[in-house]
Amino acid sequence: MPGAGVTVVVVPPATANGPLHVGHLSGPYLAADIAARAARARGERVVTTAGFDVHQNWVLTRAEKEGVDVEKMAAAYRDEIIGALDAARIRYDVFLDPQSAGYQRGVTTLAADLTEAGRFPLRTITLLACEDCGRTLHQSYVVGTCSGCGSEAAGGGCEGCGGYTAADNLIDALCNRCGGKPKPFEATVPVLSLEDYREELIDIWLRAELPGRARQIVTHYLEQRLPDVPIAYPTNWGLEGTGPHDGLRLEVYAEVGLSTVYGVAQSLRPGAVGLEETSRALAEVGSWWHFNGIDNGFYFTLFWPAMYVACGVPRDGIGGAQVNEFYTLDGAKFSTSRNHAIWANDFLRDEDVDIVRLYLAWDRPDRYASDFTVASYREFEEQVRPLLDGALRVPAMASVLAEADVRRGLAALRLRGFDPALAVRSLLIGLAAKVPGTDELLSILTGR
Ligand SMILES: [Zn+2]
Ligand SMILES: [Zn+2]
């Protein structure tokens, strides 16, 4: 029966090419923490993941642009990311550290076993490299126009539509480093052929929870042949493969999926390595939930679920995805490169963490995009601070109604129908009326 086993809450690892900003916190990180705390409070057995990611070539690109040592830069951002999660009281059971030997062995062994088992078969395919600088065009190395929505996009995912972008499906693809033209070359690489998982994916999304916009991504891809996605390439950056993947480096989105599987399996059965032991550990999964931004739509709706099924996650165990839209700052997109951001570490150091968590849960762009302004944050603080201190500032709702509202707030923190903004509104009513149940809601939402 779904729900009887372990509840898994997955947050994608933070890329070590910049510190976390308030937009990141408002997206997957804080929401997943609140959902996991609420599940634990209901008595569920929960495994949560967090981590950082150094193998996106965006990390190398940033270091090259700044002329700094990539290892040192990644280590500094890793420390800042861990510091921000800690300051925000975001807790996790599994921390995925791609620089640890256990992680590297676990992930590359699992990938190799999947090829041996025929689930990531080796195929000779045509890839593209830059004809001037020679690099294999993927992720940050390639730029072009998304064939799905017309937005400018790099390799990986399109921020405009959440679709899959790669050098061979971007229109007018060029090298993003030197402007060179793509030149085809042949390579034998492992591939995840999503078409082989069509039936499983349909079955998953007939029952699992997904917001409308993400569901449109699934529909769009199911209307055509599902793509074959290379799991590793010959390239200069990424985790080095082993066995049948010798001489190749893992595609980073494959690494993210496999490392999540590896980390969850480790938490359920410490020491589990390889496909067989991993599959056995994953049989304990009752419901598996993703927290993601819509720009990763292709990956959390199609690519990772297919990979999870290939690794042994029961297909009726995929619970669904809680998805956020973009959070803007004063009307413009948060941007690390343009320094248009409020950095999480600074903000959490200067502000009351209770208020930060409550505000971001209240204002997060979960059902539609929303906009952060300091003025709005201050208004919220002014309203809510006295309530947290036990001082009445608003006329209290009748106790019987306030109690019902607090119960509704707790129910809104179930993974299915997860609605932390509603829970904060219920909390404010409960605080004003001082009714039972308010403390539990407060403790889950603030992480205290
Ligand atoms: Zn180039
Ligand atoms: Zn697009």
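Please refer to the structure higher up on the page.
In this report, the structure presented in the accompanying data block is examined.

Definitions and limits used
- Along each chain, numbering runs from 1 in the same order as the chain's sequence is written.
- To read the labels, note that chains go from A and ligands from 1, taken in the order they are written.
- The predicted nature of this model means local features are confined to residues of pLDDT at least 70 and side-chain atom pairs, given and counted, to a pLDDT of 80 or more, with totals for whole chains, interfaces and linings taken over all residues.
- Heavy atoms throughout the structure, all of them, feed into the side-chain values; hydrogens and water do not.
- The pairing criterion is simple: DSSP has to find at least two bridges between the two strands.
- Helix and strand definitions follow DSSP, with helices as H or I runs of at least four residues and strands as E runs of at least two, each counted in order from the N terminus.
- Pairs of residues are marked as contacts when any of their non-hydrogen atoms sit within 4.5 Å.
- Angles here are taken between N-to-C directions and fall from 0 to 180 degrees, while the axes themselves are lines fitted to C-alpha atoms, restricted in helices to the stretch in contact.
- Ring pairs shown here join Phe, Tyr and Trp side chains whose ring centres sit within 6.5 Å, with only the six-membered ring taken for Trp; geometry is labelled stacked below 30 degrees between planes, edge-to-face above 60, and tilted in between.
- Exposure classes here rest on a 1.4 Å probe applied to the protein chains alone. A residue is buried below 20% of its type maximum, exposed above 50%, and partly exposed in between.
- In this analysis the charged atom, NZ for Lys or CZ for Arg, is taken to sit over a ring once it is within 6 Å of the ring centre and within 35 degrees of the ring normal.
- Here the coordinating atoms are restricted to nitrogen, oxygen and sulfur within 2.8 Å of the metal centre, or 3.2 Å for Na, K and Ca, and because water is not among them the sites may look incomplete.
- Under the classification used here, a metal with four donors is tetrahedral if each angle lies between 85 and 135 degrees, square planar if opposite donors are over 155 degrees apart and the others between 65 and 115, a six-donor metal meeting that same test is octahedral, and anything else is irregular.

So, the sheet that holds strand β19 (residues 370-372)
Here 3 strands make up an open sheet; going across it, the order is β18-β17-β19 and the pairing mixed. With one partner strand each, in any of the chains shown, β18 (332-333) and β19 form the two edges of the open sheet. Packed on one face of the sheet, helix α11 (residues 353-363) meets β17 (327-329) and β19 and runs near 155° to β19.

Examining the packing of aromatic side chains
Taken as a whole and judged by the stated rule, the model has 24 aromatic pairs. Here Phe 291 and Phe 418 contribute two aromatic rings whose centre-to-centre distance is 5.7 Å and whose plane-to-plane angle is 80°, an arrangement assigned as edge-to-face. Of this pair, Phe 291 sits in strand β15 (residues 285-293) while Phe 418 sits in the loop between α13 (399-411) and α14 (420-433), and the two are 127 residues apart along the sequence. Given the relative accessible area of 0%, Phe 291 is considered buried. An aromatic cluster of at least three residues, connected via ring pairs, comprises Tyr 327, Phe 334, Phe 347, Tyr 359, Trp 362, Phe 372, Tyr 377 and Phe 380. The aromatic ring of Phe 326 is capped on one face by Lys 333, whose charged end is 4.9 Å from the ring centroid.

Observations regarding the coordination of the zinc ion (ligand 2)
The coordination sphere of the zinc ion (ligand 2), as far as protein atoms go, consists of Cys 146 (SG), Cys 149 (SG), Cys 158 (SG) and Cys 161 (SG), spread over 2.3 Å. In this structure, the zinc ion (ligand 2) is surrounded by 4 donor atoms whose angles at the metal cover 100 to 115°, and the resulting shape is tetrahedral. Mapping the donors of the zinc ion (ligand 2) onto the primary sequence yields the spacing C-x2-C-x8-C-x2-C. The partly exposed category is assigned to Cys 149, whose relative accessible area is 37%.

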